[in-house]
Amino acid sequence: MKAQYRYDHMLGDKEKNLISILLAKGKNLDYISNRFGLSKTFIKNNLCHKNRIYSICLGSKKTAYYDNEMLYGALEISYNFEDLNAKEIEAYNNYKEKNVAYYDI
């Protein structure tokens, strides 16, 4: 069975994420290849990316913006800093620290 087919159709999201985590932690290719049944060349060519982008979830707003569906076309959304959750505040502060030059004007 081809490694690409096995990766796309037989492995679930948890296994795919686990492969990424194991690669990031520095596990060797033999271990990953034996555990998931993928070839070493497939792992090297398709999954070993040093500059790989990982998605994160910051959560979302729990309350609806409008009770009436007809008002959805006229969104005038405004947020307060107090409405943000802890992860959103941390992301905001990290962004602000990285871009200090733009805020010091």
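The rules behind the values
Residues numbered from 1 in each chain as written. Predicted model: local features only at pLDDT ≥ 70, side-chain atom pairs only at ≥ 80, totals over all residues. Heavy atoms only, no water. Salt bridge = Lys/Arg side-chain N within 4 Å of Asp/Glu carboxyl O. Helix = DSSP H or I, 4+ residues; strand = E, 2+ residues; numbered from the N terminus. Buried < 20%, exposed > 50% of the residue type's maximum accessible area, 1.4 Å probe, protein only. Core = buried A, V, L, I, M, F, W, Y, C linked by side-chain atoms within 4.5 Å. Contact = heavy atoms within 4.5 Å.

Colleague: Hey, could you run me through the pattern of salt bridges in this one?
Modeller: As a working rule, side chains carrying opposite charge can pair if their charged atoms are close by. Overall, the coordinates contain 1 salt bridge when judged by the stated rule. For lysine 40, the salt bridge is made with aspartate 30, and the minimal N-O distance between the two is 2.5 Å. With lysine 40 in helix α4 (residues 40–47) and aspartate 30 in helix α3 (residues 29–36), the pair connects residues that are 10 residues apart, well separated along the chain. Given a relative accessible area of 37%, aspartate 30 falls into the partly exposed group.

Colleague: What am I meant to see in the nonpolar core here?
Modeller: Among the nonpolar cores identified, the biggest contains 12 residues, and these are Ala3, Tyr7, Leu11, Ile19, Leu22, Leu23, Ile32, Phe36, Leu38, Phe42, Ile43 and Leu47. Looking at this core, the elements with two or more residues in it are α1 (3–10), α2 (13–25), α3 and α4. Beyond its immediate stretch of four places on either side in the chain, leucine 11 contacts Arg6, Lys16, Ile19, Phe36 and Leu38.

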